[in-house]
Amino acid sequence: MAEGFGRRAAFALAAAPLTARAQERFPDRPVRLIVPFPPGGPVDAAARIVAQALAPLLGQQVVVENRSGAGGSVGIDAVAKAAPDGLTLALGSTGAVAVNVSLIPSLPYDPRRDLLPVGMVSGVPSLLVVRPGLPVRDMAGLLALVRQQPGKLTFASTGPGGTPHLASELLKLRAGLDIVHVAYRGAAPAITALLGNEVDMAFLDLSVLLPHVRDGALRALALAAAARAPALPEVPTVAEAGIAGVEVENWYAVMAPARIPAERLAVLSSALRDALAQPETAARFTAQGARVIGGTPAEAGAFIAAEIDRWGEVVRRADIKPD
């Protein structure tokens, strides 16, 4: 699976002379960065940080355009079918690029065939929180309660196949738990349900949960990451709480049509890495609880291919169906 992304990306960079990367100018037209989700969400926020930092480096305006629908597949498909001139890009996410391949049988694009990563942007780990009225203080207490009441406790998600759903299903698989899924249409209604004690727990992006955890409205139990988050250093990882293999990050990557010329890909990739290296850009992501990833197209391709395989296994084992 990694071959589709990795070899094409590595060849594209190797084929582009350094002078072409430095000297090629974009056409005198704005670059469209398509966000496959509605305005105001975490993907949209990340895209606007990228657009602002990227525009002066490309010498062109970078316009964020929201095209939502079908779990992000509408916007990603628009880029997959766009002219491969580097003027139409997407900010892909875990769900839209890696999960939908296994989740949606009639997906109109194959990211391994129809898209090429310009580079990774950032990642936001998933945080497990519980409602205010649930009588548990840590992960051990939650696991004990779930095992005492199999099939009784509930977890909220932002919809079938979304990162919060997958994170919870992965926890269930790794720990052998029986928890009932309750789907909501987005993070905001899921959080409202948690605050109102309508559901018991949820894995959601750290960035959207931070205000509620800091003011004590929700209780954070564990972070689905390899290391603790600087924003919540007191919260252990899921592995530290005794369950291995539950690392879930909602990542973002800039994607281009697969037939983009090697020289144009090299220019875009170089500009993206420079944009992410700027201290003010990194600071804006850090403020949202995210980490900057960066890297080359080949590195992004290998990572995304592995994510497609990993989440495909979870979708199959948990028998997740699209909404």
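Residues numbered from 1 in each chain as written. Predicted model: local features only at pLDDT ≥ 70, side-chain atom pairs only at ≥ 80, totals over all residues. Heavy atoms only, no water.

Focus on the pairing of strand β7 (residues 201–205)
Among the 5 residues in β7, 5 count as buried, and that is most of the element. Summarising the sheet, strand β4 (residues 115–130) and β7 pair through 5 bridges and their orientation is antiparallel. Within the sheet, the bridge partner assigned to Val130 lies in β7 and is Met201. In terms of strand pairing, strand β5 (residues 154–157) meets β7 through 2 bridges, oriented parallel. (Buried < 20%, exposed > 50% of the residue type's maximum accessible area, 1.4 Å probe, protein only. Helix = DSSP H or I, 4+ residues; strand = E, 2+ residues; numbered from the N terminus. Pairing = 2+ DSSP bridges.)

Description of the packing of aromatic side chains
Per the counting criterion, the structure on display carries 1 aromatic pair. With 5.6 Å between their ring centres and 75° between their planes, Trp251 and Phe303 make a pair best called edge-to-face. In this pair, Trp251 sits in strand β9 (residues 249–257) while Phe303 sits in helix α13 (residues 297–317), placing the two residues 52 residues apart along the sequence. Its relative accessible area of 29% is what places Phe303 among the partly exposed residues. (Phe/Tyr/Trp six-rings, centres within 6.5 Å; stacked < 30°, edge-to-face > 60°.)

A word on the pattern of salt bridges
Enumeration according to the criterion identifies 13 salt bridges in this entry. With a shortest N-O distance of 2.9 Å, Arg48 and Asp44 are connected by a salt bridge. Remark: Asp44 and Arg48 occur in helix α3 (residues 42–58); sequence separation between them is 4 residues, near one turn of the helix. On the accessibility criterion, Arg48 (38% relative accessible area) is partly exposed. Two residues, Asp200 and Arg131, come together in a salt bridge whose shortest N-O distance is 2.6 Å. (Salt bridge = Lys/Arg side-chain N within 4 Å of Asp/Glu carboxyl O.)

Structural notes on the pairing of strand β1 (residues 31–35)
For β1, a buried count of 4 out of 5 residues is recorded, marking the element as mostly surrounded by other parts of the structure. Note that β1 and strand β2 (residues 62–66) share 5 bridges and pair parallel. Bridge assignment links Ile34 to a residue of β2, and that residue is Glu65. With α3 bridging β1 and the parallel β2, this β-α-β connection has right-handed handedness. (Right-handed = clockwise from strand over helix to strand, strands pointing away.)

Focus: the side chain of Asp114
Here Asp114 lies in helix α6 (residues 111–114). Apart from residues no more than four positions distant in its own chain, Asp114 is found in contact with Ala80, Tyr109, Ala256, Pro257 and Ala258. (Contact = heavy atoms within 4.5 Å.)

So, the confidence of the model for the protein chain
For the protein chain, per-residue confidence averages 91 on the pLDDT scale, and residues scoring 70 or more make up 92% of the total. Ranking the helices and strands of the protein chain by mean pLDDT puts strand β8 (residues 219–224) first, with 98, and helix α2 (residues 18–23) last, with 38. Confidence over residues 11–23 falls short of pLDDT 50; this stretch has 17 contacts with residues more than four positions distant or in other chains. (pLDDT = per-residue confidence, 0-100.)

With respect to α3
Compared with an ideal rise of 1.5 Å per residue, which puts 17 residues at 24 Å, α3 spans 24 Å between its outermost C-alpha atoms and is within 8% of the ideal. If you check which residues of α3 are buried, you get Val43, Asp44, Ala46, Ala47, Ile49, Val50, Ala51, Ala53, Leu54, Ala55 and Leu58. At the exit of α3 stands Gly59, carrying a positive phi of roughly 75°. (Expected span 1.5 Å × (residues − 1).)

Let's talk about unusual backbone geometry
Residues other than glycine seldom take positive phi values, yet Asn197 does so here, at roughly 60°. On the secondary structure map, Asn197 appears in the loop between α9 (187–195) and β7. Since its relative accessible area comes to 36%, Asn197 is described here as partly exposed. The backbone of Asp319 sits at a positive phi, close to 55°, despite the residue not being glycine. Position of Asp319 relative to the elements: it lies in the segment after α13.

Overview of the packing of helix α8 (residues 163–175) against α13
Where α8 meets α13, the axes come as close as 10 Å, and the angle between the chain directions of the two elements is 70°. With respect to their mutual orientation, α8 and α13 come out roughly perpendicular. Contact residues: Leu166, Glu169, Leu170, Leu173 and Arg174 in α8; Arg310, Trp311, Val314, Val315 and Arg317 in α13. Grouping the constituent residues of the contact of α8 with α13 by class yields 6 nonpolar, no polar and 4 charged. (Axes fitted to C-alpha atoms, helices over the stretch in contact; angles between N-to-C directions. Parallel < 35°, antiparallel > 145°, perpendicular 65-115°, else oblique. Nonpolar A, V, L, I, M, F, W, Y, C, P; charged D, E, K, R; others polar.)

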